[in-house]
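Read off the chains here:
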Amino acid sequence: MSDPTPESSEPGAVARPARVRLHVEWAVEGKVPGSSGGYGLLACSRGGLTRKSFTDIRNRYVTGTPKELPQITIGWAGGREHTRLLLIIRRWSDQTDQFGRKIAATHYFSVPYGQLEEQRVSYEGLYHALDDADLVFDEAAPERGDPLKIDVPVLDPADLAGRVDDVAAGVAATLLSEAQVCLVGGESLTPLERLRFLDVVAALLPYGMRSRLSASTWTSGTADHDIRLSFTSTVPAAAHQVAWGSEVAVPQDGQAYYEKLVEYRDHLPEVVTLLAADLELRGFTPEARRAALVRLSRFGVTPQDPADEGQVAVFHAPAAIEGALRVCGDHLESGDLTWLTRSMGYLEMVIADREGEFGPEEQAAYREIVQARRLLAGSAELHGDLRDSLRGVVLRIAYGPVLTREGLAHIAAQLEKMPIDLLSALTRLETPDPYVRLYLAGRLGGPRLPELVRRLGVDDLVRAAAEKPYDRYVVETALDELDQRGRRDQDGNLAAALQEHGHLTEAIAFAYPRGERRVRRLRELLVAAYGPRPDRMAFAKIVPLSLQPEEALLLAAAAGLFGPDWGEAFLSASVLPALRDARYSGKDVDRIRRDLRIDRDVPVATDEPAEVPHLRDRSVPSSPSPRREVPLNELPVAGTRRRSSKNPRSLELWFWVLILFGVLTMVATLLVFFRTLSDTASGMGPNGDGREPVATDIVTTGPAIGEVRSAGGPER
């Protein structure tokens, strides 16, 4: 891919590739000569980018109507292994349309980023190599053109460093603040001079940031574009304006980077070389900004001689890190934000070099410093981004990369109330512990909540809610998620998990002080686990009563004594008093009683023996019970039936009534039988005179001994 042509032919000169061969895909936009149609894509090469791909690129990089041509735009396309660097050149052609107007031809060039692993190239070098390229295509097959093979000079750090000035350094640092930067007052510059300036700015950033960098030698103020850096005459409202030749007001987010560039101004060729070696794909994000600062900071700390690797270990020693944390505390207290930013840059470099790995003993010492210097509390003078950066560095060194429950407790102990931005910073650490995830999710809420809890299983949610010491946010967040999942899918896993942890009754009692809310929340959880109408087997799983055989016998006997109302009696005499003993208010107990449809009040225990109905002395008249006034809302409605409220005494009365009815029925039946027998004997006998026949052999068995009676004889 490269042509190893030595830079110098002097003896002893080290040969290195002066040019690199690149395979470039392309597309052409314009008009058909002599036509009256509009602009469109005329042709493109075959390869990874199709006609549609180039059309999307064309629509993205709309810069408006230029005042002059040529116009040069640099950009990017794709992502990861498919990332491409773009160069777009727009100039006048020698052709005209139907109305004799000149046609502007726009050439799009795409260079796969992977081809630059061995050697980097500059935008200016690409421009000179591609501007005169002959793009040949067959009109019969306009999408089957051959990709270009060009030789491009490798990036020259010394040449680029020689053109660095304060404006270029300030613009590069401002880009790291995620702002859109517009340069005004550069009308006297030629398009090539503007491109050379853009090239210098890009050289002062890590090379991998070109995978998300877009810039242009001109954009129109009326065009709706996302070009990050451009020359213009009209600045959009949200953009950061830089006057050509004037001092750049670098935002706070880019101050540390700008100061490093100024600090190393005598070593800029080495700095450009260092930044060009960083090929990691990065965008313009807070994380990328910190990584860029770490990369630049290494130039002043990392030994250039590999033999001095021991010096790196000194800089990474726990004592040096502890000293840097104390210095951050001093600068935070004094309000010296410049030196605070520099100390943070050193700590970020340490994190990058050690890949965020710190031993438990180290972190214990770091945590004491963090707490003593109140590094997580911050200062009123710290604005949002700088405060977030400080907290991110401190958390990764003292509590990362995995946030444990012990670390979370240590952080919470330092603050009366944990602010939202600190909670958000904690979510950027690894949080495999379900309790920690629910702790953060419950306090953050909003759109972050589903993201934090969706990967937790039902067992994780129940186990975390049951963990002591209980946390109200953990319990509430777990219950809300369990309720949603149970209503979507009742697969039995939730019921099994709840049975293992006592259906979270203790946790619910802690999280909900009001008795009414406790019962309702627990009922909602049971519906989620067992459905709205669980069967009898589910009741045994929800309330597992372990009765001894004698206790079971006693319960069966009591249930038989009280009849169908034994369940109501059990709730009234056992459950509701237990709720009172659990410090539920009388109002809550009465509400629960009404929810359970228990008509009678909770009985009051006395020292008198219980009265047995059938042993009561009936000689003593019983006093009539007072008449109960029935409220209007309890009166029966037409077409409805009141629930039976029978008692054992009424059941006993019905029993004896049934026995008496049976005896009377038997007696009546016997009388009818004997009367029928008597009539038959008198009217149908063999004598025909209506008299009884002579009974000579009638023997009866029973209480009396059998006798012989004569016809018409006296009856004994």
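See the structure printed just above.
Predicted model, so just to flag it, every value in this text is computed and none were measured.

1. Observations concerning the side chain of Glu259
Here comes step 1: Along the chain, the position of Glu259 falls in helix H6 (residues 252-263).
Here comes step 2: Apart from residues no more than four positions distant in its own chain, Glu259 is found in contact with Thr338 and Arg342.

2. Description of the pattern of salt bridges
Here comes step 1: This structure, assessed with the given rule, holds 31 salt bridges.
Here comes step 2: A salt bridge links Asp97 to Arg101; the shortest N-O distance between them is 3.0 Å.
Here comes step 3: For Asp97, a relative accessible area of 4% puts it in the buried group.
Here comes step 4: Of the charged contacts in the structure, one is a salt bridge between Asp460 and Arg463, with a shortest N-O distance of 2.7 Å. Residue Asp460 and its partner Arg463 are both found in helix H18 (residues 458-465); the two are separated by three residues, about one turn of the helix.
Here comes step 5: The partly exposed category is assigned to Asp460, whose relative accessible area is 22%.

3. Here we look at the packing of helix H10 (residues 318-334) against helix H11 (residues 337-353)
Helix-helix packing: each pair is described by the crossing angle between the helix axes and the interaxial distance.
Here comes step 1: H11 packs onto H10 with a crossing angle of 155 degrees between their chain directions and a minimal axis gap of 9 Å. The angle between H10 and H11 places the two elements in the roughly antiparallel class. For the crossing formed where H10 meets H11, the hand is left-handed. Across the interface between the two elements, Ala320, Ile321, Ala324, Leu325, Val327, Cys328, His331 and Leu332 of H10 pack against Trp339, Leu340, Ser343, Met344, Tyr346, Leu347 and Val350 of H11.
Here comes step 2: Considered class by class, the residues forming the contact of H10 with H11 number 13 nonpolar, two polar and no charged.

4. A word on the environment of Glu287
Here comes step 1: Along the polypeptide, Glu287 turns up in helix H8 (residues 286-301).
Here comes step 2: Spatially, the C-alpha atom of Glu287 lies 9.9 Å from that of Gly392, the residues being 105 residues apart in sequence.

5. Considering helix H16 (residues 434-444)
Here comes step 1: Along H16, ten of the eleven residues are buried, which leaves the element largely enclosed by surrounding structure.
Here comes step 2: Taken together, the buried positions of H16 are occupied by Pro434, Tyr435, Val436, Arg437, Leu438, Tyr439, Leu440, Ala441, Gly442 and Leu444.
Here comes step 3: Those residues of H16 hidden inside the fold are in contact with helix H14 (405-414), helix H15 (420-427), helix H17 (448-453), H18 and helix H19 (472-488).
Here comes step 4: Gly445 occupies a position one or two residues after H16 and carries a positive phi of about 60 degrees.

6. Concerning empty space enclosed by the protein
Here comes step 1: Counting across every chain of the model gives three cavities of 30 Å³ or more.
Here comes step 2: The space that makes up the largest cavity amounts to roughly 180 Å³.
Here comes step 3: Of all the secondary-structure elements, those providing two or more residues to the lining of the largest cavity are H6, H8, H11 and helix H13 (384-398).
Here comes step 4: A total of six residues in the lining of the largest cavity trace back to one element, the largest contributor, which is H6.
Here comes step 5: When residues of the lining of the largest cavity are assigned to domains, at least three fall in each of domain 2 (156-279) and domain 3 (301-430).

7. Thoughts on a nonpolar patch on the surface
Here comes step 1: Taken together, the side chains of Leu555, Leu561, Phe562, Trp566 and Phe570 define a hydrophobic patch exposed on the protein surface, amounting to about 460 Å² of accessible area.
Here comes step 2: Elements represented by at least two residues in the nonpolar patch include exactly helix H24 (549-562) and helix H25 (566-581).
Here comes step 3: With respect to the helices and strands, the residue Trp566 is situated in helix H25.

8. A short note on the packing of aromatic side chains
Here comes step 1: Under the defined criterion, the tally for this structure stands at six aromatic pairs.
Here comes step 2: Joined through ring pairs, the aromatic side chains of Phe197, Phe231 and Trp244 make up one cluster.
Here comes step 3: In this structure, Arg194 packs its charged tip against the face of Phe231, placed 5.7 Å from the ring centre.
Here comes step 4: Against the face of Tyr435 rests Arg405, its NZ or CZ located 4.3 Å from the ring centre.

9. Comments concerning H19
Here comes step 1: Its 17 residues give H19 an end-to-end C-alpha distance of 25 Å, which sits within 8% of 24 Å, the value for a rise of 1.5 Å per residue.
Here comes step 2: Among the residues of H19, Val474, Val475, Thr477, Ala478, Leu479, Glu481, Leu482, Asp483, Arg485 and Gly486 are the ones counted as buried.
Here comes step 3: Measuring from the side-chain oxygen of the N-cap residue of H19 to the backbone nitrogen of Tyr473 gives 3.1 Å; that N-cap residue is Asp471.

10. Some thoughts on the nonpolar core
Here comes step 1: Judged by nonpolar contacts, the single largest core of 73 residues is most densely connected at Ile321, Leu347, Leu395, Ile411, Leu426, Leu440 and Leu504.
Here comes step 2: Per-element accounting of this core gives the leading share, eight residues, to H11.
Here comes step 3: With sequence-adjacent residues up to four places away left out, Leu347 is seen in contact with Ile321, Ala324, Leu325, Cys328, Val393 and Ile397.
Here comes step 4: Grouped together as the second largest cluster of nonpolar side chains are 72 residues, Leu85, Leu189, Ala203 and Leu293 included.

11. Describing unusual backbone geometry
Here comes step 1: For the bond running from Leu69 to Pro70, omega is 10 degrees, close enough to zero to count as cis.
Here comes step 2: Cis peptide bonds are those with omega within 30 degrees of zero, and the linkage from Gly400 to Pro401 qualifies with -5 degrees.
Here comes step 3: Despite not being glycine, Leu504 shows a phi value in the positive range, around 60 degrees.
Here comes step 4: If you trace the backbone, Leu504 turns up in the loop between helix H20 (493-500) and helix H21 (505-511).

12. Quick notes on the pairing of strand E4 (residues 71-77)
Here comes step 1: In terms of burial, E4 is a largely internal element, seven of the seven residues being buried.
Here comes step 2: Alternating positions in E4 separate into two faces, Gln71, Thr73, Gly75 and Ala77 on one and Ile72, Ile74 and Trp76 on the other, with burial throughout.
Here comes step 3: The pairing of E4 with strand E5 (residues 84-96) spans seven bridges and is antiparallel. Within E5, the position partnered with Gly75 by the bridge is Leu86.

13. Overview of the packing of H18 against H19
Here comes step 1: Remark: H18 packs on H19, axes separated minimally by 9 Å, with the N-to-C direction vectors making an angle of 150 degrees. In terms of orientation, H18 and H19 fall into the roughly antiparallel class. Considering how the two elements wind past one another, H18 and H19 form a crossing that is left-handed. Between H18 and H19, the contacting residues are Val458, Leu461, Val462, Ala464 and Ala465 on the first element and Val474, Val475, Ala478, Glu481, Leu482 and Arg485 on the second.

14. Notes on the environment of Cys182
Here comes step 1: Tracing the backbone shows Cys182 in strand E8 (residues 181-184).
Here comes step 2: Every residue in contact with Cys182, bar those within four places of it in the chain, is listed here: Ser230, Thr232, Val235, Pro236, Ala239, His240, Gln241 and Val242.

The rules behind these values
Residues numbered from 1 in each chain as written. Predicted model: local features only at pLDDT ≥ 70, side-chain atom pairs only at ≥ 80, totals over all residues. Heavy atoms only, no water. Helix = DSSP H or I, 4+ residues; strand = E, 2+ residues; numbered from the N terminus. Contact = heavy atoms within 4.5 Å. Salt bridge = Lys/Arg side-chain N within 4 Å of Asp/Glu carboxyl O. Buried < 20%, exposed > 50% of the residue type's maximum accessible area, 1.4 Å probe, protein only. Axes fitted to C-alpha atoms, helices over the stretch in contact; angles between N-to-C directions. Parallel < 35°, antiparallel > 145°, perpendicular 65-115°, else oblique. Left-handed = near helix turned anticlockwise from the far one by under 90°. Nonpolar A, V, L, I, M, F, W, Y, C, P; charged D, E, K, R; others polar. 1 Å grid on protein atoms, 1.4 Å probe; cavity = no way out; pocket = protein on both sides within 12 Å on 5 of 7 lines; lining within 4 Å. Points joined across faces, edges and corners; volume = space filled by probe spheres on them. Domains from an automatic or database assignment. Patch = residues over 30% accessible without salt bridge, like charges linked within 9 Å, V, L, I, M, F, W, Y side chains within 5 Å. Areas by Shrake-Rupley, 256 points an atom, 1.4 Å probe, with all protein chains shown as cover. Phe/Tyr/Trp six-rings, centres within 6.5 Å; stacked < 30°, edge-to-face > 60°. Lys NZ or Arg CZ within 6 Å of the ring centre and 35° of its normal. Expected span 1.5 Å × (residues − 1). Polar contact = N/O pair within 3.5 Å; in protein donor to acceptor, adjacent residues only side chain to side chain. Core = buried A, V, L, I, M, F, W, Y, C linked by side-chain atoms within 4.5 Å. Pairing = 2+ DSSP bridges.

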